[in-house]
Amino acid sequence: MAAACWCRCRGSDYRTWNMSIDEVPSNNTAGSCSSGVGPFTVQGPDGNLGAEEAGRASSLTLNYRKKLRAPICVKLTVFICLAVMVASGVPELVLWKKVHQQLVGQIEHRLMVLSTLRQEQLQDYLLSEADKTQLIAIRIVISNYLNNVSTGNKTLAKLDLQMAISVISDFMNAAVYDSKGHLVLETEENVFQPRIEEASINTVVQEIPNLQYPVETSNGWMYTLSRGIHKKLIGQLMVSVNATKLVSLVYDRTGLQETGELLVGIPDGPDKIRLLLPAMQKPNVIVLPYKGAMAKAINGESGILKERNYRGARVIAAYRPAGFLHWGLLAQMEIKEAYASVWSVRLVILVTFSALLFVGALASLGLAKAFTSPIIELGKAAFALGQGDMRTRVKKGSSCFHDEFSNLKDAFNGMAHRIASHQYILEHEVSERTSDLAHAHDGLAREVEERKRIELELEKAKDIAMAADRSKSEFLANMSHEIRTPLNAIINFTELCLDTQITQEQQEHLEYVQFAAQHLLRLITDILDFNKIAAGKLEMEEIQFSLYEQLEQSLSVLAARAWKSGLELCCDIHADVPDQLLGDPGRLLQIFVNLVGNGIKFTKKGEVIVSVTVNSKSADDVELLFAVKDSGLGIPQTKQSLLFQAFSQVDSSTQRLYGGTGLGLAISSKLAAAMGGRMWVESEGVEGLGSTFSFTGRFKLFPSNSSMNFLMFKGVRALVVDDNSTGLRILTDLLKSWNIIADGVMTTEAAKSALELGESSGHKYNVVLLDMWLGGVEALDLVEYIRARPDLLQKYASDAEVNTLYPVEPDSDLALPSAHCLSQQCSSKSTPDRLRYGPNLKVEIYTKDNVSSAIIMLTSVNHMESSRCKELGLPFHTSKPIRRSLLNRVLRSALGFEDKMSHDEGKTSKESKKLNKRLHVLIAEDNPVNQRVAIKLLHKWGHTTVLAVDGAEAVERSAKEEFDIILMDSLQRSAMRA
């Protein structure tokens, strides 16, 4: 039974004492209990000391006896048992290890000694038998007879052989064969075969006899020994030997007990072993697999191995080589018999350990009882004290046996006295504390009310701040619109002024005005975009667009800046990147213009490379990895974390030197996140190594209907000449993706060598793509070289042209050459002229007058270079960075696809006429400045205009008059919709 006494001493907290007794006292004078639990009163020195505390104590369960006594007994018993286990177990474990090691060593040593002894006995026996055969093989009479069988004395030789056999007890019969395998001598007829294979004679070595497997006959075990006669192998001696000694040697079980046996194995192929004699335990076993101890013995190894034998029993085997013709010897015993003495010792040790453990457990139980009896007595007294019997005391033991428990009883009696005296004081202080808590509760309630009031004020302040933020956003939107209106007027009127007759100084001033106005417009756009992003109002479009055209357009916008800075601007799009996507092309263009613009701004020399690769792809969408790498200043590691924060730059001097607000990268990073990706930078902070800005974006795939036909370029050979290695690689890879055989070189001399090599090998190039500037020098030298030697290039002939030029009959066996063969100038040595060209085919070659059409000049965006190409007589050129669609058209023209090009040009001219016709335009605009700008620009472009100052007037005029296009402000569009 368990109970608790709740008390509080002066200056201390509430504490609980749990006590245990065997039963609840029935004659408790200081309290009462129903069914062992119930409210009671405690009578103290001054009367009632606290019925509430007594009720709280009686509400506890009364099962504390088990919780107190059982754990102490168990813990003490377990502790003593563990001590006994450690004290006796460790020495016994060490003893077992030593005995086990010694006994196992003795068993293994005995097996090894036995195997060694049997190996030596077997070797002595076999060598003895071999020596006996040697004595017969070297007999002169037999050798002389074999050397001259036709004239020799056979009777004398046979008699000599019989005499030799008769003196050897184990030899039963013998026979001699000549070198051809014929039987010439025998001691007894019809014992040996009249002829043996000649091949078997050649396998017999003169020094080492050949032993056949023993066979059990009616006369006992027999085996045959064969060996060569004379070093020149003039014949073979074959002896039938009584195997009784060999069988007794192998089957002798001395030292192997009941389950042991000796096995002698001979390799019989790569995967099995043939036993010399059948196994003793299982006579029908004569073949074993090539593994285990026997295989190790045959391989020349010695040792001890535990394995399963041919009967599946666990055995310990001592193996070693037999030392005769790569035999193996194995002495094995079953483990249960071999280790019987070991297991007996282990059983003795376990019995001894169990006995010690049992004695220790009995001792621990007695000791636990001696310790727990005083504790149980204290528990009973504590329970009675908790029930309210303040007169309860513990009886002291004999004074002769005064120990720690006696001291504990004295302490308990003193504690009981102090509890009784402090009970009244405790109740009084509890009432005081209750009063203090009531006052504190009132103060806490007031504090809660105050916090609720503050939260309401904060909510109102938050609403006011959000309203102010909305007002700020509306103000910025309106102000950006109002600021853009005069800026557009400044930019457009400046452009109109630049088209008029003005002086050089006026033109310079107006260009500065136009540059400043465009820069201010970009700043306003950045601030407005940043405000939209901060307000969470950024909207992303999802329309179809061409990724290739978008990238090329962004590079074209910045190509002039790159050319002025002397930088190479390249775009590397991997072949697996899809073209047609669904997304926001405008925001993608904004990111590229910002990143490429920064690369151009902070790069003094070198290149800026834009690359696109596929990061991941599924059936419906694709994640692309975009990277812009420059060779500029580089960014220190400590400053890279500031790049994507608003209004921050790497260095304050950067803003003074290069300009900018520090919003571009922050906006670009947010736009990349809106596209489902992220943006980061990689840089070592070293000038010349530059930086790489990368970002990812996820786009939906759109079915691609590419209008470019790359099959027409199959077999075309092109030579690319560019002094920039990156641009050369990108252009060469692009041409190869178009089925063009493209080679790239970086210098004029390398280009000349490539052209000459192509001409000499019969693989002439069809077109040359030549950078206008090679190493800072104009590439005129190479152009003149090609003009001087037009035979270096070969006109391209398509497969359709080849088929029309070859009048070959349908049943003809002549094979027509392909366009690829024509373009490569197939050698006449390998293909006859009639087969290569046909009777009516005229292969056109370039001349000095038209070879320039096979050269495509790669120029910059500077229009002067285009004029220079015309001066040089080069009809085909395209600007860098390369635009795929333009390069495709120029290549087709240079290769002579006239029919298709003229059809496309005719179609384009018709569309151009439709687009370039004179238009009648209605302008709906309320701002006078914008009205003036629109009218001036449209009149400049040759169109007629009608002005409407508001939406109502625009509706009225559009109803009365027909217009080709209506241009209106967004406010006027809302009015017209109304």
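Residues numbered from 1 in each chain as written. Predicted model: local features only at pLDDT ≥ 70, side-chain atom pairs only at ≥ 80, totals over all residues. Heavy atoms only, no water.

- Named according to an unreviewed UniProt entry, the chain is histidine kinase originating from Ceratopteris richardii.
- Taken directly from UniProt, the Catalytic activity (unreviewed entry) text for the chain runs: "ATP + protein L-histidine = ADP + protein N-phospho-L-histidine." (UniProt positions renumbered as here; feature names shortened; annotations may be inferred.)

1. Here's the deal with the overall build of the chain
So, step 1. Helix and strand counts for the chain stand at 27 helices and 33 strands.
So, step 2. Out of the 978 residues belonging to the chain, those deemed buried represent 42%.
So, step 3. Accessible surface for the chain amounts to roughly 53,900 Å². Of this, 56% is attributable to carbon and sulfur atoms. (Helix = DSSP H or I, 4+ residues; strand = E, 2+ residues; numbered from the N terminus. Buried < 20%, exposed > 50% of the residue type's maximum accessible area, 1.4 Å probe, protein only. Areas by Shrake-Rupley, 256 points an atom, 1.4 Å probe, with all protein chains shown as cover.)

2. What to know about the nonpolar core
So, step 1. Counting 57 residues, the largest nonpolar core has Ile-136, Leu-161, Val-176 and Leu-237 as the members making the most contacts within it.
So, step 2. Of all the elements, helix 2 (residues 64-137) adds the most residues to this core, at twelve residues.
So, step 3. For Val-176, the contacting residues outside a window of four places in its chain are Ile-142, Leu-146, Leu-161, His-182, Leu-183, Val-184, Leu-185, Ile-229, Gln-236 and Leu-237. (Core = buried A, V, L, I, M, F, W, Y, C linked by side-chain atoms within 4.5 Å. Contact = heavy atoms within 4.5 Å.)

3. Remarks on helix 15 (residues 664-674)
So, step 1. Burial of helix 15 is extensive: eight of the eleven residues sit out of reach of the surface.
So, step 2. Every buried residue belonging to helix 15 is among Gly-664, Leu-665, Ala-666, Ile-667, Ser-668, Ser-669, Leu-671 and Ala-672, and all of these are buried.
So, step 3. Gly-676 occupies a position one or two residues after helix 15 and carries a positive phi of about 85°.

4. Topic: the pattern of salt bridges
So, step 1. A full pass over the atoms with the stated rule returns 27 salt bridges.
So, step 2. Two residues, Lys-336 and Glu-334, come together in a salt bridge whose shortest N-O distance is 3.9 Å.
So, step 3. Owing to a relative accessible area of 57%, Lys-336 belongs among the exposed residues under this scheme.
So, step 4. Between Glu-457 and Arg-453 there is a salt bridge, and its shortest N-O distance comes to 2.6 Å. With a gap of four residues between them, Glu-457 and Arg-453 both fall in helix 10 (residues 404-498), about one helical turn apart.
So, step 5. One salt-bridge network, held together by shared partners, links Glu-129, Lys-132, Asp-170 and Lys-245. (Salt bridge = Lys/Arg side-chain N within 4 Å of Asp/Glu carboxyl O.)

5. Re the sheet that holds strand 12 (residues 272-275)
Strand pairing in a sheet takes place through backbone hydrogen bonds and is either antiparallel or parallel in direction.
So, step 1. Judged by pairing direction, the sheet is antiparallel, and its six strands sit side by side in the order 13-12-11-16-15-14 without closing on themselves. Because the sheet does not close on itself, it has two edges, and the strands there are strand 13 (287-289) and strand 14 (303-308). Taken pair by pair, the neighbouring strands of this sheet meet at an average axis angle of 35°, ignoring direction. (Pairing = 2+ DSSP bridges. Axes fitted to C-alpha atoms, helices over the stretch in contact; angles between N-to-C directions.)

6. Describing the side chain of Gln-236
So, step 1. Along the chain, the position of Gln-236 falls in strand 10 (residues 235-242).
So, step 2. On the accessibility criterion, Gln-236 (3% relative accessible area) is buried.
So, step 3. In this structure the side chain of Gln-236 is engaged in a polar contact, spanning 3.5 Å, whose partner is the side chain of Ser-226. (Polar contact = N/O pair within 3.5 Å; in protein donor to acceptor, adjacent residues only side chain to side chain.)

7. Re the side chain of Asp-584
So, step 1. If you trace the backbone, Asp-584 turns up in the loop between strand 19 (580-583) and helix 13 (585-601).
So, step 2. Lacking a salt bridge, the buried Asp-584 has Arg-587 as its closest oppositely charged neighbour, with an N-O distance of 4.3 Å.
So, step 3. Within polar-contact distance, the side chain of Asp-584 engages the backbone nitrogen of Arg-587 at 3.3 Å.
So, step 4. Non-local contacts of Asp-584, meaning those with residues more than four positions away in its chain, are made with Glu-539, Met-540, Glu-541, Phe-545 and Met-675. (Lys, Arg positive; Asp, Glu negative; His and termini not counted.)

8. Focus on the packing of aromatic side chains
So, step 1. The full count for this structure, using the stated rule, is six aromatic pairs.
So, step 2. For the pair Phe-592 and Phe-626, a centre-to-centre distance of 5.4 Å together with 80° between the ring planes defines the contact as edge-to-face. One end of the pair, Phe-592, is in helix 13; the other, Phe-626, is in strand 21 (residues 621-630), with 34 residues separating them in the sequence.
So, step 3. In this structure Phe-592 comes out as buried when scored by relative accessible area, which is 2%.
So, step 4. The class for Phe-626 is buried, based on a relative accessible area of 0%.
So, step 5. Look at Phe-713 and Trp-738: their rings are 6.2 Å apart centre to centre, the planes differ by 20°, and that puts the pair in the stacked class. On the criterion of sequence distance, the pair formed by Phe-713 in the loop between strand 23 (691-701) and strand 24 (717-721) and Trp-738 in the loop between helix 16 (725-737) and strand 25 (741-745) is long-range, its members being 25 residues apart. (Phe/Tyr/Trp six-rings, centres within 6.5 Å; stacked < 30°, edge-to-face > 60°.)

9. Things to note about the sheet that holds strand 31 (residues 920-924)
So, step 1. Spatial ordering of the open sheet is given by 32-31-33, a layout of three strands whose pairing is parallel. Edge positions in the sheet fall to strand 32 (944-948) and strand 33 (965-968), since each of these pairs with one other strand and no more. Strand-to-strand twist across the sheet, computed as the mean angle between neighbouring axes with direction ignored, equals 20°.
So, step 2. Pairing of strand 31 with strand 32, which is carried by five bridges, proceeds in the parallel orientation. Looking at strand 32, one finds that Val-921 is bridged to Thr-945.
So, step 3. In the packing of helix 25 (residues 928-940) onto the sheet, contacts are made with strand 31, strand 32 and strand 33, and the angle to strand 32 comes to roughly 165°.
So, step 4. Set on the sheet, helix 26 (residues 951-960) makes contact with strand 31, strand 32 and strand 33; between it and strand 32 the angle comes to about 135°.

10. Points about the packing of helix 3 (residues 140-147) against helix 4 (residues 154-166)
So, step 1. Orientation of helix 3 relative to helix 4, taken along the N-to-C sense of each, is 145°, at an axis distance of 9 Å. Our pair here, helix 3 against helix 4, has a crossing hand that is left-handed. Contacts from Val-141, Ile-142 and Tyr-145 of helix 3 reach helix 4 at Lys-154, Leu-156, Ala-157, Asp-160 and Leu-161.
So, step 2. Residues that form the contact of helix 3 with helix 4 fall into these classes: six nonpolar, no polar and two charged. (Left-handed = near helix turned anticlockwise from the far one by under 90°. Nonpolar A, V, L, I, M, F, W, Y, C, P; charged D, E, K, R; others polar.)

11. Thoughts on the UniProt feature "modified residue: 4-aspartylphosphate" (unreviewed entry) in the chain
So, step 1. UniProt annotation of "modified residue: 4-aspartylphosphate" (unreviewed entry) refers to Asp-771 and Asp-969 when read in the numbering used here.
So, step 2. Take Asp-771: it is sitting in strand 26 (residues 767-771).
So, step 3. A residue is classified by how much of its surface remains accessible, and Asp-771, at 7% relative accessible area, is buried.
So, step 4. Setting aside its immediate chain neighbours within four residues, Asp-771 contacts Val-721, Asp-722, Asp-723, Ala-779, Met-857, Leu-858 and Lys-880.
So, step 5. Tracing the sequence through the fold places Asp-969 in the loop between strand 33 and helix 27 (970-977).
So, step 6. Exposure remark for Asp-969: the relative accessible area of 14% places this residue in the buried category.

12. Quick word on unusual backbone geometry
So, step 1. For the bond from Lys-880 to Pro-881, the omega torsion is 5°, close enough to zero to count as cis.
So, step 2. When you line up the elements, Pro-881 lands in the loop between strand 30 (876-879) and helix 23 (884-895).
So, step 3. Phi is positive for Asn-190, close to 60°, though the residue is something other than glycine.
So, step 4. Along the chain, Asn-190 turns up in the loop between strand 6 (183-186) and helix 5 (198-202).
So, step 5. Not every positive phi belongs to a glycine, and Asn-739 is a case in point at roughly 70°.
So, step 6. The topology assignment puts Asn-739 in the loop between helix 16 and strand 25.

13. Details of helix 6 (residues 244-251)
So, step 1. Along helix 6, the residues that are buried comprise Leu-246, Val-247, Leu-249 and Val-250. Projection of helix 6 onto a plane perpendicular to its axis shows the buried side chains occupying an angular sector of 160°, all on one side. (Arc of directions from axis to C-beta.)

14. Observations concerning the environment of Val-608
So, step 1. Assignment of secondary structure puts Val-608 in strand 20 (residues 606-617).
So, step 2. On the basis of relative accessible area, Val-608 is assigned to the buried category, the value being 1%.
So, step 3. If we ignore the near neighbours within four places in the chain, the residues touching Val-608 are Leu-567, Glu-568, Leu-569, Cys-570, Val-596, Gly-599, Ile-600, Thr-603, Val-628, Lys-629 and Asp-630.

15. Some thoughts on a nonpolar patch on the surface
So, step 1. On the surface, Val-74, Val-78, Leu-82 and Met-85 cluster together to form a nonpolar patch covering roughly 320 Å² of accessible area.
So, step 2. With respect to the secondary-structure elements, Leu-82 resides in helix 2. (Patch = residues over 30% accessible without salt bridge, like charges linked within 9 Å, V, L, I, M, F, W, Y side chains within 5 Å.)

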